[in-house]
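Structural description and commentary
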Amino acid sequence: MCEQCGCATAAGEVHVSDSSGVVLTRAPSVKSIEVLTGLMSQNDRIAAHVREHLEDHGVLAVNLMSSPGSGKTSLLEATIEAIGDLRRIAVIEGDLETENDATRIRAKGVPAVQITTGQTCHLDASMVHDALQALDLSKIDILFVENVGNLVCPAGFDLGQRANVALLSVTEGDDKPAKYPVLFRAADLVLLTKTDLFDFIDDFSPQKAERHVRNLANPAPVMRVSARRPASLRPWLDWLEGELALCRSARSTRSAHRHEHVHEAVA
Ligand SMILES: Nc1nc2c(ncn2[C@@H]2O[C@H](COP(=O)(O)OP(=O)(O)OP(=O)(O)O)[C@@H](O)[C@H]2O)c(=O)[nH]1
Ligand SMILES: [Mg+2]
Ligand SMILES: [Zn+2]
Ligand SMILES: [Zn+2]
């Protein structure tokens, strides 16, 4: 995490942009290692606040984490193709540089906010809170947050999401959950991606990859998907629908409670 890698001490501007251009720029923040512990608890506070925003609107927020290039944006493009007519989707894209991924998502007709982090190799809750200002939460069912491609730091920062999804492409090796335990332990779902390449990769064992996840005491489902094979996405799409239903029922329970409290207060 960042205490070790020091990435949170890096200087660099953070930019937030929507389709109209840059909407917010945050100045470089140079922080000493000593204040990082305080920053983490501040991050948790902001993440709780982001979670309230999302829960108030019944928005399911899913944080996608993986190494660079393992297929996060491609999965989102294929997901939009599959359910974009049924569910109102929005995407927050995190990258060190370029608007490429947001542009790809917007080309599918879905709102996308790009956060460019400069030298910071993960998203944090305040960046996501900034990005929410460019989105209308009342018009969103599922908000995907595509984290910066990195198997280390992203897992250390709560963003206010409901669920973490870790992607592992079959070209990366089935030992990655063992080598990067923090991220794969935090996953609520593990997607083995680019499975159309199984024919060409002879040493990736999905069973081994799953065993490594279980060795982390993580019972999360492990699914095999390919952005190139729409039929393979069914279990992932069903998982999303299940999470959305849970998110919505948690919201109605909460508003019922709130109603009771108001009732008690006036009684
Ligand atoms: N064969 C195959 N290639 C894929 C699949 N998904 C993604 N790719 C390719 O893998 C490369 C990287 O895909 P991206 O979707 O950009 O990966 P990413 O995780 O979003 O990358 P970063 O945002 O840079 O971390 C591209 O050339 C994709 O076409 C897949 O299911 N099968
Ligand atoms: Mg991407
Ligand atoms: Zn707020
Ligand atoms: Zn980092």
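Structure shown above.
Residues numbered from 1 in each chain as written. Chains lettered and ligands numbered in written order. Predicted model: local features only at pLDDT ≥ 70, side-chain atom pairs only at ≥ 80, totals over all residues. Heavy atoms only, no water.

**Examining the coordination of the magnesium ion (ligand 2)**
Those protein atoms acting as donors to the magnesium ion (ligand 2) are T73 (OG1), D101 (OD) and E146 (OE), and they sit at 2.1 Å. The sequence pattern formed by the donor residues of the magnesium ion (ligand 2) is T-x27-D-x44-E. Placement of D101 in helix α4 (residues 100-106) and of E146 in strand β6 (residues 142-146) is noted, with a sequence separation of 45 residues between them. The exposure class of E146 is buried, given its relative accessible area of 3%. (Donors = N, O, S within 2.8 Å, 3.2 Å for Na, K, Ca; no water. Helix = DSSP H or I, 4+ residues; strand = E, 2+ residues; numbered from the N terminus. Buried < 20%, exposed > 50% of the residue type's maximum accessible area, 1.4 Å probe, protein only.)

**What to know about the packing of helix α2 (residues 36-56) against helix α5 (residues 125-132)**
For the pair α2 and α5, the least separation of the axes is 8 Å and the interaxial angle reads 30°. Relative to α5, α2 is oriented roughly parallel. α2 and α5 meet at a crossing whose hand is left-handed. For the pair formed by α2 and α5, the contact residues are N43, I46, A47, H49, V50, H53 and L54 on the first element and A125, S126, V128, H129 and L132 on the second. (Axes fitted to C-alpha atoms, helices over the stretch in contact; angles between N-to-C directions. Parallel < 35°, antiparallel > 145°, perpendicular 65-115°, else oblique. Left-handed = near helix turned anticlockwise from the far one by under 90°. Contact = heavy atoms within 4.5 Å.)

**With respect to the coordination of the zinc ion (ligand 3)**
For the zinc ion (ligand 3), the protein coordination sphere consists of H49 (NE2), H53 (NE2) and H129 (NE2), at 2.0 to 2.1 Å. Summarised as a motif, the one-chain spacing of the donors to the zinc ion (ligand 3) is H-x3-H-x75-H. Of this pair, H53 sits in helix α2 while H129 sits in helix α5, placing them 76 residues apart in sequence. A relative accessible area of 28% means that H53 is categorised as partly exposed.

**Focus on the environment of E210**
In this fold, E210 is placed in helix α8 (residues 206-215). In the structure, E210 is positioned 18 residues away from L192 in sequence and 9.4 Å away in space, judged by C-alpha atoms.

**Comments concerning the sheet that holds strand β1 (residues 14-18)**
To summarise the sheet geometry, strands pair through backbone hydrogen bonds and adopt either a parallel or an antiparallel arrangement. Taken together, 9 strands build an open sheet; the order of strands is β2-β1-β5-β4-β6-β3-β7-β8-β9 and the sheet is mixed. For this open sheet the edge positions go to β2 (21-26) and β9 (222-224), each flanked by a neighbour on one side alone. Averaged over all adjacent pairs, the angle separating strand axes in this sheet is 20°, with direction ignored. (Pairing = 2+ DSSP bridges.)

**What about α2?**
In this model α2 runs 30 Å from its N-terminal to its C-terminal C-alpha over 21 residues, within 8% of the 30 Å that 1.5 Å per residue would give. Buried residues of α2: L36, M40, N43, A47, V50 and L54, and no others. For α2, the angular spread of the buried residues around the axis is 75°, confining them to a single face. G58 sits one or two residues past α2 and shows a positive phi near 60°. (Expected span 1.5 Å × (residues − 1). Arc of directions from axis to C-beta.)

**Some points on the nonpolar core**
V91, F144, V165, L191, W236, W239 and L240 are the most contacted members of the largest nonpolar core, which has 30 residues in total. Going through the elements one at a time, β3 (60-65), α3 (72-83), β4 (89-95), α4, β6, β7 (163-169), β8 (189-193) and α9 (234-266) are the ones with two or more residues in this core. Element by element, the count of residues in this core is highest for α9, at 6 residues. The contact partners of W239, leaving out residues within four places of it in the chain, are A163, V165, D188, L189, P221 and M223. Core analysis: the second largest hydrophobic core is formed by 24 residues, V16, I92, M127 and L143 among them. (Core = buried A, V, L, I, M, F, W, Y, C linked by side-chain atoms within 4.5 Å.)

**Some thoughts on the pairing of β4**
For a regular strand, side-chain orientation follows a simple rule: the groups alternate between the two sheet faces. Across the 7 residues that make up β4, a large majority, 7, are buried. Residues of β4 alternate between two faces, with I89, V91, E93 and D95 on one and A90, I92 and G94 on the opposite face, all of them buried. In terms of strand pairing, β4 meets β6 through 5 bridges, oriented parallel. Looking at the pairing, I92 lines up with V145 of β6.

**Some details on the pattern of salt bridges**
Going through the model one piece at a time under the given rule, you end up with 15 salt bridges. Between R162 and E243 there is a salt bridge; the shortest N-O distance is 3.6 Å. With R162 in the loop between β6 and β7 and E243 in helix α9, this pair connects stretches of sequence that are 81 residues apart. Residue classification places R162 among the partly exposed positions, given a relative accessible area of 37%. Residue R214 pairs with E210 through a salt bridge whose shortest N-O separation is 2.9 Å. Residue R214 and its partner E210 are both found in helix α8; the two are separated by 4 residues, about one turn of the helix. Assessed through its relative accessible area of 32%, R214 is described here as partly exposed. Given the relative accessible area of 30%, E210 is considered partly exposed. One salt-bridge network, held together by shared partners, links E77, D101 and R104. (Salt bridge = Lys/Arg side-chain N within 4 Å of Asp/Glu carboxyl O.)

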